[in-house]
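What follows is each chain in one-letter form.
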Amino acid sequence: MTQEKPIESKELESRRGMQLSTRKSSATAIIKEITLPPGSELCIARDKRHPDSFKLKCPVDQEGLPPRVRREVKGIQLDKEMIAPFRDVQEIDGMVPDGSKIAFLPSEAKRERVQEHLDATRVDDDDGKKREKGEDRDRGGTIFGTDDRYLFNDRSFPWRTTGLVRTAAGRCSGTMIGPRHVLTASHCINWTSGGGAGWITFTPGFFDGDEPWGEFAAVQVAYWLQAPGSLTDQQTAFDYAVLILEQSIGDVIGYPGYRTYDDDWNGGTFWQYVGYPGELAGGQRPAFQNDCVISSAQSQSLSGNSALVLGHFNEFTPGQSGGAVWGWWGSEPWPRVVGVGSTIGSTAVQTPTGSTTGDNEYGGGSALSSLITWSRANF
């Protein structure tokens, strides 16, 4: 099949942001959830030094506060019959709330002294060669040539729809894909033997510990397969899951759309990618890369369902798993997701060889479209 091509990344760099209207939408959100000892009272106090800030106060003793209540998440594994009504759906619209500012590229974060120190020239322990900023060897993922990512701090749409996924097993990246729906990688989930998962939370717009809209617990997770840490091509192609949150925060911050990937787009500089790489700012800040290219699309099947391994030579390191790769079309006010960050090719600075050997990989294809459509139709 052949579809309309996305906008070239270079064109997006010259586009000015826009605002659909001046009326802003709002909602009440759970900013923080804590557990108190029986009979304790919670007090809200204004910060004398910062009148616009408030502090929560409660009595504590040597044992501290009780452990936070963490809820296990119900897992829903899709099958061919469940997604039958949605099999032909190839694209899903996004949503931009009234009053939202739209930016086609995110604003770069203010550089901190510690970051400048880490970016400075140093001697590599392996070969003794000095490496300048952008050429530092990455020890936990794959950098091709120079590192083209930058850290950002931007609460405009769609950058605020990306955020941090947390589980008992660690951290990953995620993206709102519906009113209460978050897209992430299946291998990021702390799967349990009973078919469900341990606790999962999502924090949109997370930056340096700030949680602008709060941290939201997932109550259910829909998936095709429970992906392990090391993946086959088939597992990579289906390595995504949709979290169902307890609240519809997507109605406030918005969410991107989706479009099934077309291999006619191979080789084009259409794509953007966002995630929380652990080796940059300790995973506390999101990183952005423009001019991303998907080099190949390999078809895989599972129980009669089709999915794609999307090979690429873009920067991809631990913590970025679960992030969305998206592009923009025409005059639409939202981008459309085409894949989810899945597999790291190797653990060093690489140069593309013209083959798929050593590439990084996204998961995508029709099965991703069906998963998102089914989740939005049922929750």
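Let us look at the structure shown here.

Reading guide: rules and limits
- Sequence positions are assigned chain by chain, starting from 1 and proceeding in written order.
- In keeping with the predicted nature of the model, local features appear solely for residues at pLDDT of at least 70, side-chain atom pairs appear and are counted solely at 80 or more, and the whole-chain, interface and lining totals rest on all residues.
- Calculation of side-chain values draws on the structure's entire complement of heavy atoms; hydrogens and water are dropped beforehand.
- The criterion for a disulfide is a pair of cysteine sulfur atoms lying within 2.5 Å.
- Starting at the N terminus, helices and strands are each numbered in turn, a helix being any DSSP run of H or I of at least four residues and a strand any DSSP run of E of at least two.
- Think of it in three bands: with a 1.4 Å probe and only protein chains considered, a residue is buried below 20% of the maximum accessible area for its type, exposed above 50%, and partly exposed in between.
- The contact criterion used throughout is that any non-hydrogen atoms of two residues lie within 4.5 Å.
- In protein, a polar contact means a hydrogen-donor-capable atom and an acceptor-capable atom, both N or O and within 3.5 Å, with residues adjacent in sequence counting only if both atoms are side-chain atoms; elsewhere, any N or O pair within 3.5 Å suffices.
- Aromatic pairs are defined between Phe, Tyr and Trp rings, using the six-membered ring for Trp, whenever the two ring centres lie within 6.5 Å; interplanar angles under 30 degrees are classed as stacked, those over 60 as edge-to-face, and all others as tilted.
- Geometrically, a charge over a ring is one whose NZ (Lys) or CZ (Arg) sits within 6 Å of the ring centre while staying within 35 degrees of the ring normal.
- In this scheme, a helix's expected span is set at 1.5 Å multiplied by one less than its residue total.
- Residues belong to a common nonpolar core when they are buried Ala, Val, Leu, Ile, Met, Phe, Trp, Tyr or Cys residues joined through side-chain atoms within 4.5 Å.

What follows concerns the state of the cysteines. Inspection of the entire model under this criterion finds one disulfide. Each sulfur in the disulfide pair Cys172 and Cys188 lies 2.1 Å from the other. Taking the torsion about the sulfur-sulfur bond, which here is approximately -85°, the covalent link between Cys172 and Cys188 counts as left-handed. Of this pair, Cys172 sits in strand 12 (residues 170-178) while Cys188 sits in the loop between strand 13 (181-184) and strand 14 (200-204), placing them 16 residues apart in sequence. Like Cys172, the residue Cys188 is buried in the burial classification.

Now for the environment of Pro228. By the element assignment, Pro228 lies in the loop between strand 15 (216-223) and helix 3 (233-237). Separated by 11 residues in the primary sequence, Pro228 and Asp239 have C-alpha atoms spaced 9.2 Å apart. The residues touching Pro228, leaving out its near neighbours within four places in the chain, are His187 and Gln235.

A few words now on the environment of Ser369. As for its position among the elements, Ser369 is in helix 5 (residues 366-378). In sequence terms Ser369 and Thr260 are 109 residues apart; their C-alpha atoms lie 6.3 Å from each other.

The subject of this paragraph is the side chain of Asn314. In this fold, Asn314 is placed in the loop between strand 21 (305-312) and strand 22 (324-327). Polar contacts involving the side chain of Asn314 include one to the main-chain amide nitrogen of Val293, which spans 3.1 Å.

This paragraph deals with the packing of aromatic side chains. What describes a pair of aromatic rings is the distance from one ring centre to the other and the angle between the planes of the rings. All told, the structure shown has 17 aromatic pairs when counted by the stated rule. On the basis of an interplanar angle of 65° and a centroid distance of 4.7 Å, the ring pair of Phe104 and Trp328 is categorised as edge-to-face. Of this pair, Phe104 sits in the loop between strand 6 (101-102) and helix 2 (113-119) while Trp328 sits in the loop between strand 22 and strand 23 (336-343); the two residues are 224 residues apart in sequence, bridging distant segments of the chain. Just as Phe104 is buried, Trp328 falls in that class too. Ring-pair connections join several aromatic residues into one group, and the members of that group are Tyr150, Phe152, Trp159, Phe288 and Trp326. The residue whose ring lies beneath Arg15 is Phe104, and the NZ or CZ to ring-centre distance is 5.5 Å. Lying over the aromatic face of Trp199, Arg70 brings its terminal NZ or CZ to 3.7 Å of the ring centre.

Attention now moves to helix 5. With 13 residues, helix 5 extends 18 Å between its outermost C-alpha atoms, agreeing within 8% with the 18 Å of an ideal straight helix rising 1.5 Å per residue. For helix 5, the set of buried residues is Ala367, Leu368, Ser369, Ser370, Leu371, Ile372, Thr373, Trp374 and Ser375.

Another point: unusual backbone geometry. Looking along the chain, the bond that leaves Phe157 and enters Pro158 is cis, with omega of 5°. By the secondary structure assignment, Pro158 is in the loop between strand 10 (150-151) and strand 11 (162-167). Its identity is not glycine, yet Asp208 carries a phi of approximately 50°, on the positive side. Of note, Ser303 is a non-glycine position whose phi angle comes to about 55°, a positive value. Looking at where Ser303 falls in the secondary structure, it is placed in the loop between strand 20 (294-302) and strand 21. Of the residues examined, Ser303 reaches a relative accessible area of 59% and is grouped as exposed.

Counting residues in hydrophobic clusters, the biggest one holds 67 residues, and the most contacted among them are Leu183, Trp224, Phe238 and Tyr240. What Leu183 contacts, discounting residues up to four positions off in sequence, is Ser173, Gly174, Thr175, Ile177, Tyr240, Ala241, Val242, Gly322, Val337, Val340, Leu368 and Ile372. Of all hydrophobic cores here, the second largest spans 14 residues; its members include Tyr261, Phe270, Trp271 and Ile294.

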